[in-house]
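What follows is each chain in one-letter form.
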Amino acid sequence: MALMTGAQYIESLKKLNTKVYLFGEEVKDWVDHPMIRPSINCLAMTFELAHDPEYADLMTAKSNLTGKTVNRFTHLHQSSGDLVKKVKMQRLLGQKTASCFQRCVGMDAFNAVYSTTFEIDKKYGTEYHERFKKYVEYVQENDLVVDGAMTDPKGDRGAAPSQQTDPDMFLRIVEKRPDGIVVRGAKCHQTGSINSHEHLIMPTIAMTEADKEYAVSFAIQSDVPGIFMVYGRQSCDTRKLEENADIDLGNKTFGGQEALVVFDDVFIPNDRIFMCEEYDFAGMLVERFAGYHRQSYGGCKVGVGDVIIGAAALAADYNGAHKASHIKDKLIEMTHLNETLYCCGIACSAEGYPTQAGNYQIDLLLANVCKQNVTRFPYEIVRLAEDIAGGLMVTMPSQKDFESDLKVGQTGKTIGEWCNKLYAAAPGVSTENRMRILRFLENICLGSSAVGYRTESLHGAGSPQAQRIMIARQGNINQKKELAKVIAGIKE
Ligand SMILES: Cc1cc2nc3c(=O)[nH]c(=O)nc-3n(C[C@H](O)[C@H](O)[C@H](O)COP(=O)(O)OP(=O)(O)OC[C@H]3O[C@@H](n4cnc5c(N)ncnc54)[C@H](O)[C@@H]3O)c2cc1C
């Protein structure tokens, strides 16, 4: 198979028996559910673009395991050039969907598990790395989507896994058998989990010996007995259930998705286990995965930022305000912020280095600086977009009002005629186009796409403080002190 098309991907989801719950009920036909389908369309783009010759260099790569052409989302990075292409691919996908396209977490997890298993085996003589290589070959050959699952519910944030009142607050091994293990717990906020064929599970935090039953990494199909998913609500999501919904959605075709994935005593066969109680490697795996994922945001959010900047510029054109110098300056500021994020994504990639296993790791300090900026700049970008858009972005009547032929008032005009007359702006611009661009901005600033552009920018790949801890560790203040001493002539 090697490279699926978007249509083949969607068909492949229909063959799964994934258990999905939404509004307290099981959703059988979840592939075509109007609240879920936009996120599937979005993921399908990662397959479609891989078939476009214009993007083949970014979207595909040569597998180091088989020598075959694979989708870059399943690739193990072989050079810093590969890391740079990853960021460029993510920017492209952001530009094409203006949403979270959900396939990055799996790619980031592959690369982190690949290098960590190599080092576990070196210390303990285990065989995780060979198993994992076979698993990645299987994923590449079948062009699968894999959810990168790290975040546990975590319960009391001040307590370690083994100290929790409820032991299910972190995913753990509850039984060891000759042929595998049984696990119990959950992973929350899982991006694209319902749309994934597989889940690659990793521990959430560094651990001590007391936590060893929680130090576990494995891969498992989405629809095995014991796994079920509860779909996450998004702001304004039920607009997608409205009949003939179009303009009011802001982005009718694409969207993101998160869900709670529960493991209610799930059996994991030995050949799919990549860490089993080696607690001293949990921290390494977390740090490497988080590093790759912090790099990712210097690509995907930048692509979405490109569309937001374009939409804000169009809103100014449609409002007739585009010639004002402060509008031009705000568009410059948005571009400056967006490109700064891109600089960080490219920089941490260009400074990548080979791991002991041979795949490439990003520069950790620069990736954390990248993500720290991502926790801030998108908020400023949407603030400026809202400034340029004007208040109509949040007070505009519905599409049905603009189209209504109900006569109102005393002069015989319809609601539609009133809305179209009063919300006309620059000459020659249809109110429909004005509506479309303002609804797009509403969706991204505070509608369902704000999940991906705002809160995911803040908490995804770790909350801001997690990056500050890494920046403190990697910043090498002592070396900087030495530099200052030399220049200042301090000898001690
Ligand atoms: C849209 C979205 C998509 C995501 N996708 C994925 C995914 O695909 N896969 C995945 O594994 N995860 C995913 N995540 C999870 C993400 O990694 C977490 O949200 C993040 O690590 C923060 O964890 P939390 O949400 O539990 O927040 P909390 O841990 O509750 O943090 C809230 C605040 O408390 C602080 N805090 C927490 N613990 C402590 C402590 N011990 N000491 C001091 N301060 C503390 C934090 O710094 C923060 O300020 C996603 C999150 C979002 C929002």
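Per chain, residues are indexed from 1 in the order of the written sequence. Only residues with pLDDT of at least 70 get local features here, since the model is predicted, and only at 80 or more are side-chain atom pairs given and counted; chain-wide, interface and lining totals rely on the full set of residues. For side-chain calculations, the full set of non-hydrogen atoms in the structure is used, while hydrogens and water are omitted.

Comments concerning the overall build of the protein chain
By the criteria applied, helices consist of DSSP H or I runs no shorter than four residues and strands consist of E runs no shorter than two, each listed in order from the N terminus. For the protein chain, the helix and strand inventory stands at 17 helices and 14 strands. Against the 2.2 N^0.38 benchmark of 23 Å for 492 residues, the protein chain shows a C-alpha radius of gyration of 24 Å, consistent with a compact globule. Dimensions of the protein chain, computed from the C-alpha atoms along their principal axes, are close to 85 × 70 × 50 Å. Note on definitions: a residue-residue contact is assigned when non-hydrogen atoms from the two residues lie within 4.5 Å. Looking at the protein chain alone, contacts between residues at least 24 apart form 77% of all its contacts between residues at least 6 apart. Per-residue and other accessible areas were derived by the Shrake-Rupley procedure at a 1.4 Å probe size, with only the shown protein chains allowed to occlude residues. Accessible surface, the protein chain as shown: approximately 20600 Å² in total, 53% of it carbon and sulfur. Neither His nor the chain termini are counted; the positive set is Lys and Arg, and the negative set is Asp and Glu. To locate a charge, take NZ of a lysine, CZ of an arginine, CG of an aspartate or CD of a glutamate. Put simply, the protein chain has 55 plus and 62 minus side-chain charges, and the middle of one group is 4 Å from the middle of the other. Note on method: radius of gyration uses C-alpha positions; expected globular size equals 2.2 Å times residues raised to 0.38.

What to know about the site of the ligand
The cutoff for a nearby residue is simple: one of its non-hydrogen atoms must lie within 4 Å of the molecule or strand. Near the ligand there are 18 residues, and of these Met-150, Thr-151, Arg-157, His-189 and Thr-191 occur at the shortest range. One of the side-chain N or O atoms of Lys-154 is found 2.9 Å from an oxygen atom in the ligand. Counting of polar contacts relies on pairs of N or O atoms within 3.5 Å, with two restrictions inside protein: one atom must be capable of donating a hydrogen and the other of accepting it, and residues adjacent in sequence are counted only when both atoms are side-chain atoms. Between the ligand and Thr-191 there is a distance of 2.7 Å, counted from a nitrogen atom to a side-chain nitrogen or oxygen. Taking 960 Å² as the accessible area of the ligand by itself, protein coverage stands at 66%. Elements with a contribution of two residues or more to the shell around the ligand: β5 (146–149), β7 (180–191) and α15 (450–459). Residues that form the shell around the ligand fall into these classes: 5 nonpolar, 9 polar and 4 charged. Inspection of the shell around the ligand shows a minimum of three residues originating in each of domain 1 (11–286) and domain 2 (290–482). Note on residue categories: nonpolar means Ala, Val, Leu, Ile, Met, Phe, Trp, Tyr, Cys or Pro, charged means Asp, Glu, Lys or Arg, and polar means any other residue, Gly included. Throughout the structure description, domain borders are defined by an automatic or database domain assignment.

Details of the nonpolar core
Put simply, a nonpolar core is a bunch of buried Ala, Val, Leu, Ile, Met, Phe, Trp, Tyr and Cys residues held in one set by side-chain atoms that sit within 4.5 Å of each other. For every residue, the accessible area (1.4 Å probe, protein chains only) is compared with the maximum for its type, and the residue is labelled buried under 20%, exposed over 50%, or partly exposed between those bounds. Residues Tyr-9, Trp-30, Phe-132, Leu-200, Phe-218 and Phe-263 are the most contacted members of the largest nonpolar core, which totals 78 residues. Broken down by element, the residue count for this core peaks at 7 residues, all from helix α5 (residues 104–124). For this core, the two domains that each supply at least three residues are domain 1 (11–286) and domain 2 (290–482). Those residues within four positions of Trp-30 in sequence are excluded, and the remaining contacts are Leu-13, Thr-18, Val-20, Ile-36, Ile-40, Ile-194 and Asn-195. Ranked by size, the runner-up nonpolar core spans 57 residues in total, among them Leu-92, Val-302, Ala-389 and Phe-440.

Remarks on the pattern of salt bridges
Throughout this description, the term salt bridge denotes a Lys or Arg side-chain nitrogen within 4 Å of a carboxyl oxygen of Asp or Glu. Inspection of the entire model under this criterion finds 34 salt bridges. When the shortest N-O distance is used, the salt bridge between Lys-19 and Glu-26 registers 3.6 Å. Since its relative accessible area comes to 31%, Glu-26 is described here as partly exposed. When the shortest N-O distance is used, the salt bridge between Lys-123 and Asp-280 registers 2.7 Å. Within this pair, whereas Lys-123 is found in helix α5, its partner Asp-280 is found in the loop between β12 (273–276) and α7 (282–319), the two being separated by 157 residues in sequence. According to the relative accessible area criterion, Lys-123 is exposed, its value standing at 52%.

Some thoughts on the domain arrangement of the protein chain
Interface size, as often reported, equals the accessible area lost upon joining of the parts. One can read the domain layout of the protein chain as domain 1 (11–286) and domain 2 (290–482). Averaged C-alpha coordinates put domain 1 and domain 2 at centres separated by 25 Å. Between domain 1 and domain 2, the residue contacts involve 43 residues of the former and 46 residues of the latter. By definition, the buried area sums, over both parts, the 1.4 Å-probe accessible area that each loses when the two are put together. On the domain 1 side of the interface with domain 2, the three residues burying the most area are Val-87, Arg-91 and Ile-247, jointly 20% of the side's total. At the junction of domain 1 and domain 2, the tally comes to 5 salt bridges. In this structure, the salt-bridge partner of Glu-442 is Arg-239, at a minimum N-O distance of 3.0 Å. Our count for the domain 1 to domain 2 interface comes out at 22 residue pairs in polar contact (both at pLDDT 80 or more). Mapped onto the side of domain 1 that touches domain 2, the elements with two or more residues apiece are α4 (80–97) and α5. Per-class residue counts for the side of domain 1 that touches domain 2 are 15 nonpolar, 16 polar and 12 charged.

Side note on the packing of aromatic side chains
Geometry of aromatic contacts follows a simple scheme: Phe, Tyr and Trp rings, the Trp one being its six-membered ring, pair when their centres are within 6.5 Å, and the pair is stacked under 30 degrees between planes, edge-to-face over 60, tilted otherwise. Summed over all chains, the structure comprises 11 aromatic pairs. One residue, Lys-301, lies across the ring of Tyr-297, its end atom 4.9 Å from the ring centre. Only lysine NZ and arginine CZ atoms are considered, and such an atom sits over a ring when it is within 6 Å of the ring centre and within 35 degrees of the ring normal.

Let's talk about the packing of α5 against α7
Here α5 crosses α7 at 145°, and the two axes come no closer than 8 Å. As for how α5 packs across α7, the hand of that crossing is right-handed. Mapping the contact onto sequence places Cys-104, Val-105, Asp-108, Ala-109, Asn-111, Ala-112, Val-113, Ser-115, Thr-116 and Glu-119 in α5 and Met-284, Leu-285, Arg-288, Phe-289, Tyr-292, His-293 and Ser-296 in α7. Looking at the contact of α5 with α7 residue by residue, the class counts come to 9 nonpolar, 5 polar and 3 charged. Angles here are taken between N-to-C directions and fall from 0 to 180 degrees, while the axes themselves are lines fitted to C-alpha atoms, restricted in helices to the stretch in contact. With the far helix as reference, a near helix turned anticlockwise by less than a right angle produces a left-handed crossing, and one turned clockwise produces a right-handed crossing.

What to know about the pairing of strand β8 (residues 198–201)
In β8, alternate side chains face the same way, and those of Glu-198 and Leu-200 on one face and His-199 and Ile-201 on the other are all buried. Pairs of strands are assigned from DSSP output, requiring at least two bridges between the strands. One ladder, built from 4 bridges, connects β5 with β8; its direction is parallel. The partner of Ala-149 across the bridge, within β8, is Ile-201. By the bridge criterion, 4 bridges tie β8 to strand β9 (residues 216–221) in an arrangement that is antiparallel. In the strand pairing of β9, His-199 is matched with Ile-220.

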